[in-house]
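Letter by letter, the chains look like this.
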Amino acid sequence: MPSMLSEGIDFARLDQAQSRFTEASKSFLGYPTNLKFDYSDLAPFLAFALNNVGDPFQSSHTQLNTLDFEREVIDAFAWMTGADEDDYWGYVTSGGTEGNMYGLYLARELHPEGMVYFSEHTHYSVPKILRLQHTPSIMLKAQNNGEMDYDDLRESLKINRHRPPIIFANIGTTMTGAIDNLDRIQDILKDLAIPRSYIHADAALHGMGLAFMENPPPWNFKAGIDSISVSGHKWLGCPLPCGMAMARRQHVDRIARAVEYVGVNDTTITGSRNAHAPLMLWYALRKLGEPGLRATVTASLRISDYAIAAFKARGVSAWRNENSPIVVFPRPSHDLIKRWSLAPDREIAHIVCLAHVEEQTIDRFVTDYCADMNRNHS
């Protein structure tokens, strides 16, 4: 096999890749990433080997970092997630999976004998995380809309009263955008007189949206959670996968370990961390501001309803959960799934209507979808 190391740069191949990505972006509907962004102002920062190692609230020995920008991003997410101004901590992660890993890691450190409860519609990364951490767990049944089955939760808690429960709550499931009812979960814990528990919220896509919706359901620190994971690249849009892990500071302080040679506490999952992602999140949050973020969320829900109406006008049963930009419909052919980058699961598929999705794109997709269903079900 010839080594690529002996070859020069194939610029024609790079041009082809750019053309491929440009074309694919025109029909990118099934995955929760906002493609409407422009970070060209930050291009000069690619000349620097930036690294945010360790706790963002401390000063590292290395000066090539964006910890000051990261702290401002953390403050913004603390406001979005309703954190107590005297009891929050966070850091910019590589994405929702790392944020979930951090929440479950923190819970396990606080409750070594704990049992994790999660529903069957929880993101696929969670069982993997639990295997890596060797954490005992129980998968709960889910309702038709994707929400947790609370009767199953109650009965499972009764059987395992000797273990502190670690509840993994979905604040928007991957396929249907279902939000687990934190009030009902808290009521069950109270009714069963369970003295110690931990609730982690996976709000990867929906967290940033719920922060700017009118009358959202209970979903954040004000609802009694202990930690939360929110993605950064999904609703904001970013060329790098990224996110935010937020937790109550009192919990994090109990697990912090000092590392002398970098001059900071080891409180994160990874050591070296992407320092360009916090800069991009800071830029996007400042550029949009609260009015821009609120308008983006409103527009996303509007285009979601437009998609449902377009489907129904053609006789297709499409729906979405309240407070979610995820539109669900019967599963089409493999060819259509690939052509439109759709996300399928068993008998359904979905699109995610974020800021880059326009009405004309929905019109093209629905027409293509109906033609595909007619061809394959006639």
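Everything below is about the structure shown above.
Everything numeric here is computed off the predicted structure, so don't read it as measured data.

(A) Expanded view of the layout of surface pockets. Approximately 760 Å³ is the volume found for the largest pocket. Split into classes, the residues belonging to the lining of the largest pocket amount to ten nonpolar, 17 polar and five charged. Roughly 380 Å³ of internal volume is contained in the second largest pocket. What lines the second largest pocket is a set of 22 residues, and nearest its centre among them are Asn 34, Lys 36, Leu 288, Thr 296 and Ala 355. When contributions to the lining of the second largest pocket are tallied by element, the ones reaching two or more residues are helix H8 (233-237) and helix H10 (276-313). Broken down by element, the residue count for the lining of the second largest pocket peaks at nine residues, all from H10. When grouped by side-chain class, the residues that make up the lining of the second largest pocket number twelve nonpolar, four polar and six charged.

(B) Layout of the packing of H10 against helix H12 (residues 359-377). Here H10 crosses H12 at 30°, and the two axes come no closer than 10 Å. Taken together, the axes of H10 and H12 lie roughly parallel to each other. Seen from above, H10 lies across H12 with right-handed handedness. Here Arg 302, Ile 303, Tyr 306, Ala 307, Ala 310 and Phe 311 of H10 come into contact with H12, specifically with Glu 359, Ile 362, Asp 363, Phe 365, Val 366 and Tyr 369. When the residues that make up the contact of H10 with H12 are grouped by side-chain class, the tally is nine nonpolar, no polar and three charged.

(C) How the structure looks around the sheet that holds strand E12 (residues 348-352). Strand order across the open sheet formed by three strands is E10-E12-E11, with antiparallel pairing between neighbours. Every interior strand has two partners, whereas the edge strands, strand E10 (326-330) and strand E11 (343-345), have only one. Recorded for the sheet is a direction-independent mean angle of 30° between the axes of neighbouring strands. Inspection of the sheet shows E10 paired to E12 by five bridges, in the antiparallel sense.

(D) Geometry of the nonpolar core. The biggest cluster of nonpolar side chains holds 65 residues, and the ones touching the most others in it are Phe 77, Leu 153, Ile 185, Ile 228 and Met 246. By residue number, the principal contributor to this core is H10, which donates ten residues. Aside from chain neighbours lying at most four places away, what touches Ile 228 is Thr 81, His 200, Ala 201, Ala 203, Trp 219, Phe 221, Met 244, Ala 245 and Met 246. Counting 24 residues, the second-largest nonpolar core is a separate cluster that includes Ile 308, Ile 337, Trp 340 and Val 366.

What counts, and at which threshold
- Residues numbered from 1 in each chain as written.
- Predicted model: local features only at pLDDT ≥ 70, side-chain atom pairs only at ≥ 80, totals over all residues.
- Heavy atoms only, no water.
- 1 Å grid on protein atoms, 1.4 Å probe; cavity = no way out; pocket = protein on both sides within 12 Å on 5 of 7 lines; lining within 4 Å.
- Points joined across faces, edges and corners; volume = space filled by probe spheres on them.
- Nonpolar A, V, L, I, M, F, W, Y, C, P; charged D, E, K, R; others polar.
- Helix = DSSP H or I, 4+ residues; strand = E, 2+ residues; numbered from the N terminus.
- Axes fitted to C-alpha atoms, helices over the stretch in contact; angles between N-to-C directions.
- Parallel < 35°, antiparallel > 145°, perpendicular 65-115°, else oblique.
- Left-handed = near helix turned anticlockwise from the far one by under 90°.
- Contact = heavy atoms within 4.5 Å.
- Pairing = 2+ DSSP bridges.
- Core = buried A, V, L, I, M, F, W, Y, C linked by side-chain atoms within 4.5 Å.
- Buried < 20%, exposed > 50% of the residue type's maximum accessible area, 1.4 Å probe, protein only.

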